[in-house]
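# Architecture at a glance
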Amino acid sequence: MVLASASPRRRALLSTLVAAPHLRVMAADLDEEAVAAGRSPADAVQAVAWAKASQVITRIESESTPFDRPRLVVAADTTVIGPHGAVGKPTNRDHAQSMILAMADQTITVLTGLVVTGWDPDGGQRVVETRVVSSVVKVHPCTTAEVAAYVATGAADDKAGGLELQGRAAPLVAEHHGCFTNTMGLPLCTTATAMQAAGQPIPMFPECWSFAPPGLQPLLRPPPNPQRLDGCGSVPPSTGQE
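Below is a summary of the structure that appears in this document.

Conventions and cut-offs
- Counting of residues starts from 1 at the beginning of each chain's written sequence and follows it residue by residue.
- With pLDDT at 70 or above as the cut-off, local features in this predicted model cover only qualifying residues; side-chain atom pairs require 80 or more to be listed or tallied, and sums for whole chains, interfaces and linings still use all residues.
- Each side-chain value is worked out from all heavy atoms of the structure, with water and hydrogens disregarded.
- The helix and strand labels rest on DSSP assignments: H or I over at least four residues marks a helix, E over at least two residues marks a strand, and numbering proceeds from the N terminus.
- Each residue is assigned to one of three classes by its accessible area relative to the maximum for its type, calculated with a 1.4 Å probe on protein chains only: buried under 20%, partly exposed between the two thresholds, exposed over 50%.
- What makes a salt bridge here is a side-chain nitrogen of Lys or Arg within 4 Å of a carboxyl oxygen of Asp or Glu, nothing more.
- One bridge is not enough; two strands pair if DSSP finds at least two bridges between them.

Now for the environment of Val-18. Residue placement: Val-18 occurs in the loop between helix H1 (8-14) and strand E2 (24-25). On the basis of relative accessibility, which here comes to 9%, the residue Val-18 falls in the buried class. The spacing of Val-18 and Ile-202 is 184 residues in sequence and 8.0 Å in space, taken between C-alpha atoms.

We now examine the pattern of salt bridges. Following the criterion strictly, the structure yields six salt bridges and no others. Salt-bridge contacts for Asp-105 lead to Lys-138; the nearest nitrogen and oxygen are separated by 3.8 Å. Taken together, the residues Asp-105 in the loop between helix H4 (93-103) and strand E5 (107-119) and Lys-138 in strand E6 (residues 126-139) connect sequence positions 33 residues apart. Taking relative accessible area as the criterion, Asp-105 reaches 42% and is therefore assigned partly exposed. Residue Lys-138 is classed as partly exposed on the basis of its relative accessible area of 23%. Residue Arg-131 is joined to Glu-129 by a salt bridge in which the shortest nitrogen-to-oxygen separation is 3.0 Å.

Here E5 lies mainly inside the structure; eleven of its 13 residues are buried. With ten bridges joining them, strand E3 (residues 72-82) and E5 adopt antiparallel strand pairing. Within E5, the residue paired with Thr-78 across the bridge is Thr-112. The sheet contact formed by E5 and E6 spans 13 bridges and is antiparallel. Along E6, the bridge assignment pairs Leu-111 with Ser-134.

Written out as structure tokens, the structure reads:
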């Protein structure tokens, strides 16, 4: 299986579903802003994910025969929707600080576009599964000093919205609704169902999950019922009002 992303977070997450020896990274190289331009946030993340997958598929087909191609290619793109619209990655740390302060005490939405595509076992017709998953996060009413201390760690660098929600930004999260791994860049339950729909069985055993880094293992336990893999869901969650 090939992951069309250089993100170490996505690789760590996907390695909980695919044994490390069977997972290869082939990062796409494209102008994501150009692909997303003029599209709604949901359409944009799906278009960028598809562009990543298409570029890697083209590279694989030019470098291999139908008999030595990987079974599947997984691609994803994540964006944050703040109070004033889509929020990209910060251009520098000053930008990251102002970006996060603008989201303080606000509700934001994290959207991930997912594409799982590949070839039939005989190398024939490609199969394609696409999804868009959303999660809702309420940002804590943090102070300028708190945000500055967080940004100074470097954790905001190259993160959508400047938020490393699974790491140092966790104290900035007041509430979370929806798929947690979606906020990390790859909704695992939805990825698993898309892989199954594309013909790739997912072995839901503890050994499969042990490939995750130790810090992620407590967050990535198998569901109580292994047959139910739609816990993330691709239906937008509630607004968080309970």
